[in-house]
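Now for the letters of each chain:
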Amino acid sequence: VSRIVVKIGTSSLMHGNGKLNLQAIDQLSYTLTGLVNEGKQVILVSSGAIGAGMGQLGLTERPEQIQKQQALASIGQSELMTVYQQRFAAYGQRISQVLLTHDVLDYPQSREYVHNTMEQLLDWGVIPVVNENDTVAVDELDHRTTFGDNDKLSAIVAVRSHADLLIMLSDIDGFYTGNPHQDPQAKLIKELHQVTADSLKRAGGAGTIFGTGGMATKLTAAADILKHKQMMVLANGANPSIIFNIMNGEEVGTLFI
Ligand code: ADP
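Throughout what follows, the structure given in this document is the object of discussion. (Residues numbered from 1 in each chain as written. Predicted model: local features only at pLDDT ≥ 70, side-chain atom pairs only at ≥ 80, totals over all residues. Heavy atoms only, no water.)

A few points about the overall build of the protein chain
For clarity, the cut-off: A run of H or I in DSSP becomes a helix once it reaches four residues, and a run of E becomes a strand once it reaches two; helices and strands are each numbered from the N terminus. Radius of gyration here is computed from C-alpha atoms only, and the compact-globule reference equals 2.2 Å multiplied by the residue count raised to the power 0.38. Only protein chains enter the accessibility calculation, which uses a 1.4 Å probe; a residue whose area is less than 20% of its type maximum is buried, one above 50% is exposed, and one in between is partly exposed. For this analysis, residues touch if any pair of their heavy atoms sits within 4.5 Å. The Shrake-Rupley method, run with a 1.4 Å probe, gives the accessible areas here. Residue values count only the displayed protein chains as cover. This count recognises Lys and Arg as positive and Asp and Glu as negative, with His and chain-terminal groups excluded. Each charge is placed at NZ for Lys, CZ for Arg, CG for Asp and CD for Glu.
Within the protein chain one finds 12 helices and 8 strands. Relative to the compact-globule value of 18 Å for 257 residues, the protein chain shows a C-alpha radius of gyration of 17 Å, a close match. The 257 residues of the protein chain split such that 51% are buried. Of the contacts made within the protein chain by residues no fewer than 6 positions apart, 73% connect residues no fewer than 24 positions apart. A total accessible area of about 12,000 Å² is found for the protein chain, and carbon and sulfur atoms account for 49% of it. Averaged over its 19 positive side-chain charges, the protein chain has a centre that lies 2 Å from the centre of its 26 negative ones.

So this is what it looks like as structure tokens:
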């Protein structure tokens with residue numbers, strides 16, 4: 001595996017009290033820098049802008065109004081990047097910010113610009129930190145529950161960049177036979193080759209107030225990955241150094257292959 005896309009969800013980046021989980025961000029920075037130093041190319045798709053914005057303003061509930069969510073994303077995105085910039089710099093790793101919208105990726109011309117820019121960044125050993133441009137992407141915020149908090153975007157990025165692996169970090173160990181928060185009998189599915197209607201039935205909504213997509217959007221992303229004959233691992237991002245275990249071929253989380 002030489003090109004990896006890592007997606008980290010809001011729930012892994014935030015503490016329950018609404019503060020940014022600096023330790024998790026530090027671990028993530030350390031781990032991804034380690035991969036680059038081994039000669040791998042890494043793209044980070046990071047959520048958390050709205051959550052960070054809520055933390056800044058001391059809000060405990062996500063506002064309904066789109067305009068408020070977009071304003072929070074605008075506040076939080078810059079804070080998030082400041083923290084990433086500091087932590088990655090501590091390990092000597094350069095990063096960049098790439099804000100995307102779906103229409104950018106729908107038009108061949110702008111898609112090509114994005115592609116070329118990403119290739120240049122990776123060629124320079126930079127880690128692009130990708131997020132949806134929430135300030136302009138009204139549509140996405142509006143349909144957040146169906147499109148998911150960057151789950152779908154991370155799959156699109158992995159497909160377009162021909163990544164060898166998409167690592168999706170969530171607040172749960174993987175995909176279970178049912179939502180473990182509701183069904184104590186639910187069992188971890190270690191490997192899945194196909195996302196069927198039955199799999200989708202087993203996937204429920206988000207687990208925390210910060211999580212947004214829930215399992216359904218992760219499965220949709222996995223289906224996209226499988227369709228393009230690529231690989232995805234869904235694992236627990238509580239400790240982002242789990243990425244090292246995944247790269248070592250250890251059995252963690254759910255492997256979609
Ligand atoms: P993130 O912010 O990391 O993207 P989400 O909260 O959006 O996380 O999604 C993960 C949550 O999905 C889990 O914590 C769990 O509550 C819920 N979930 C629903 N169905 C399942 C399932 N079949 N297996 C695992 N988790 C599930």
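Now, onward.
Brief notes about the packing of aromatic side chains
So the rule is basically this: Here a Phe, Tyr or Trp ring, Trp counted by its six-membered ring, pairs with any other such ring whose centre lies within 6.5 Å, and the pair is stacked when the planes are under 30 degrees apart, edge-to-face when over 60, and tilted otherwise.
All told, the structure shown has 3 aromatic pairs when counted by the stated rule. Aromatic side chains Tyr30 and Tyr91 sit 5.4 Å apart centroid to centroid with 65° between the ring planes, which places their arrangement in the edge-to-face category. With Tyr30 in helix H2 (residues 22–37) and Tyr91 in the loop between helix H4 (66–90) and strand E3 (95–100), the pair connects residues that are 61 residues apart, well separated along the chain. Judged by its relative accessible area of 44%, Tyr30 falls in the partly exposed class. Measuring from centroid to centroid gives 6.3 Å for Tyr30 and Phe244, while their planes differ by 85°, and the two rings are edge-to-face. Placement of Tyr30 in helix H2 and of Phe244 in helix H12 (residues 242–247) is noted, with a sequence separation of 214 residues between them. Using a relative accessible area of 24% as the deciding quantity, one classes Phe244 as partly exposed. Connected via pairs of aromatic rings, a cluster forms that spans Tyr30, Tyr91 and Phe244.

Quick notes on helix H3 (residues 49–57)
The complete set of buried residues in H3 reads Ala49, Ile50, Gly51, Ala52, Gly53 and Met54. Of the residues one or two after H3, Gly58 is the one with positive phi, at around 70°.

Concerning a nonpolar patch on the surface
To be explicit about the condition: Here, patches come from residues exposed beyond 30% relative accessible area and free of salt bridges, joined within 9 Å for like charges and within 5 Å for nonpolar side chains (Val, Leu, Ile, Met, Phe, Trp, Tyr). For salt bridges, the criterion is a side-chain nitrogen of Lys or Arg within 4 Å of an Asp or Glu carboxyl oxygen.
Nonpolar side chains collect at one region of the surface, where Leu57, Leu59 and Ile75 lie side by side and expose about 230 Å² of accessible area between them. You can see Leu57 is positioned in helix H3. For Leu57, a relative accessible area of 52% gives the class exposed.

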